[in-house]
Amino acid sequence: MFRFTRPVFQAVKRTTGITGLAVHPNPLPELIKTYESTLTTVNALPQTSVYRQSVEALIKHKLNIVKTANGDISAAEKQLQEGQIEESLDIASDELALAGKMLEWKAWEPLAEKPEPGQWDYAGETTTATSS
């Protein structure tokens, strides 16, 4: 059985089959770089931020998957379960952009105005809004 190496595989892969999503020539190093940038960005958020805690856990898990794949794109794709590696890159880029926005928005701070009664009620579940 012939096994493609990473550069050969990407050279043979001419399209992702997804409109607007091009084949990346060297996706795993780019994915690692994006994950590490996301971790750096969320480190600027308070440690008590639920968003920071969630993103850190998820990105560290994904980063571990990519690093342990040892250059095997199909192994990384299979473990990430996000489709093609280019889709994982797209998702990672979106998360990095969102992390920057969360930092800009200071989403961990209390609301400037108290929410209207019932604003946070969904599907028959009532929640209590707290303000500091």
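Heads up: the structure comes first, above all this text.
Residues numbered from 1 in each chain as written. Predicted model: local features only at pLDDT ≥ 70, side-chain atom pairs only at ≥ 80, totals over all residues. Heavy atoms only, no water.

Could you clarify how one ought to interpret the overall build of the protein in this entry?
For the protein, the helix and strand inventory stands at five helices and zero strands. Ordering the α and β elements of the protein from the N terminus gives α-α-α-α-α. Expressed as a percentage of the 132 residues in the protein, the buried residues total 31%. The long-range share in the protein, meaning contacts at least 24 apart out of those at least 6 apart in sequence, stands at 59%. Accessible surface computed for the protein: about 9,100 Å², of which carbon and sulfur atoms make up 54%. (Helix = DSSP H or I, 4+ residues; strand = E, 2+ residues; numbered from the N terminus. Buried < 20%, exposed > 50% of the residue type's maximum accessible area, 1.4 Å probe, protein only. Contact = heavy atoms within 4.5 Å. Areas by Shrake-Rupley, 256 points an atom, 1.4 Å probe, with all protein chains shown as cover.)

Please clarify how the nonpolar core should be interpreted in this entry.
A general feature of soluble globular proteins is that nonpolar side chains tend to end up buried together. In terms of nonpolar packing, the biggest core is built from 21 residues, with Leu31, Tyr35, Tyr51, Leu80 and Ile85 touching the most fellow members. Listing elements by their share of this core, those giving two or more residues are α2 (27-42), α3 (50-68), α4 (73-80) and α5 (85-105). Ranked by residue count, the leading element in this core is α3, at six residues. (Core = buried A, V, L, I, M, F, W, Y, C linked by side-chain atoms within 4.5 Å.)

What is the right way to look at the packing of α2 against α3 in this model?
Angle between the axes and distance between the axes: these two values describe a pair of packed helices. Orientation of α2 relative to α3, taken along the N-to-C sense of each, is 155°, at an axis distance of 10 Å. When the axes of α2 and α3 are compared, the pair comes out roughly antiparallel. Between α2 and α3 lies a crossing of left-handed hand. Touching Leu28, Leu31, Ile32, Tyr35, Glu36, Thr38, Leu39 and Val42 of α2 are Tyr51, Arg52, Val55, Glu56, Ile59, Lys60, Lys62, Leu63, Val66 and Lys67, all from α3. Residues that form the contact of α2 with α3 fall into these classes: eleven nonpolar, one polar and six charged. (Axes fitted to C-alpha atoms, helices over the stretch in contact; angles between N-to-C directions. Parallel < 35°, antiparallel > 145°, perpendicular 65-115°, else oblique. Left-handed = near helix turned anticlockwise from the far one by under 90°. Nonpolar A, V, L, I, M, F, W, Y, C, P; charged D, E, K, R; others polar.)

Quick question: what am I supposed to make of the pattern of salt bridges here?
A side chain of one charge can pair with a side chain of the opposite charge if their charged atoms are brought near each other. In total, this model carries five salt bridges according to the counting rule given. The salt bridge involving Glu86 is made with Lys13; its shortest N-O contact spans 2.7 Å. In this pair, Glu86 is assigned in helix α5 and Lys13 in the loop between α1 (6-12) and α2, connecting sequence segments 73 residues apart. Lys13 carries the same exposure label as Glu86, and that label is buried. For Glu82, the salt bridge identified is with Lys62, shortest N-O distance 2.4 Å. (Salt bridge = Lys/Arg side-chain N within 4 Å of Asp/Glu carboxyl O.)

Honestly, α5 in this entry has me stumped. Any pointers?
Helical geometry: 3.6 residues make up each α-helical turn, so side chains three or four residues apart lie on a common side. In this model α5 runs 30 Å from its N-terminal to its C-terminal C-alpha over 21 residues, within 8% of the 30 Å that 1.5 Å per residue would give. Listed in full, the buried residues belonging to α5 are Ile85, Glu86, Ser88, Leu89, Ala92, Glu95, Ala99 and Met102. (Expected span 1.5 Å × (residues − 1).)

Looking at this model, I keep getting lost on the side chain of Glu86. Mind explaining?
On the basis of relative accessible area, Glu86 is assigned to the buried category, the value being 3%. A polar atom in the side chain of Glu86 sits 2.7 Å from the side chain of Lys13. (Polar contact = N/O pair within 3.5 Å; in protein donor to acceptor, adjacent residues only side chain to side chain.)

In this structure, what is going on with the packing of α2 against α4? I would like to understand it.
At a minimum axis separation of 10 Å, α2 and α4 run at an interaxial angle of 45°. Looking at the two axes, α2 sits oblique to α4. The segment α2 lies against α4, with Pro27, Leu28, Leu31 and Tyr35 engaging Ile73, Ala76 and Leu80. In the contact of α2 with α4, the residues fall into seven nonpolar, no polar and no charged.

Remember that the coordinates give geometry; whether it matters functionally is a separate question.
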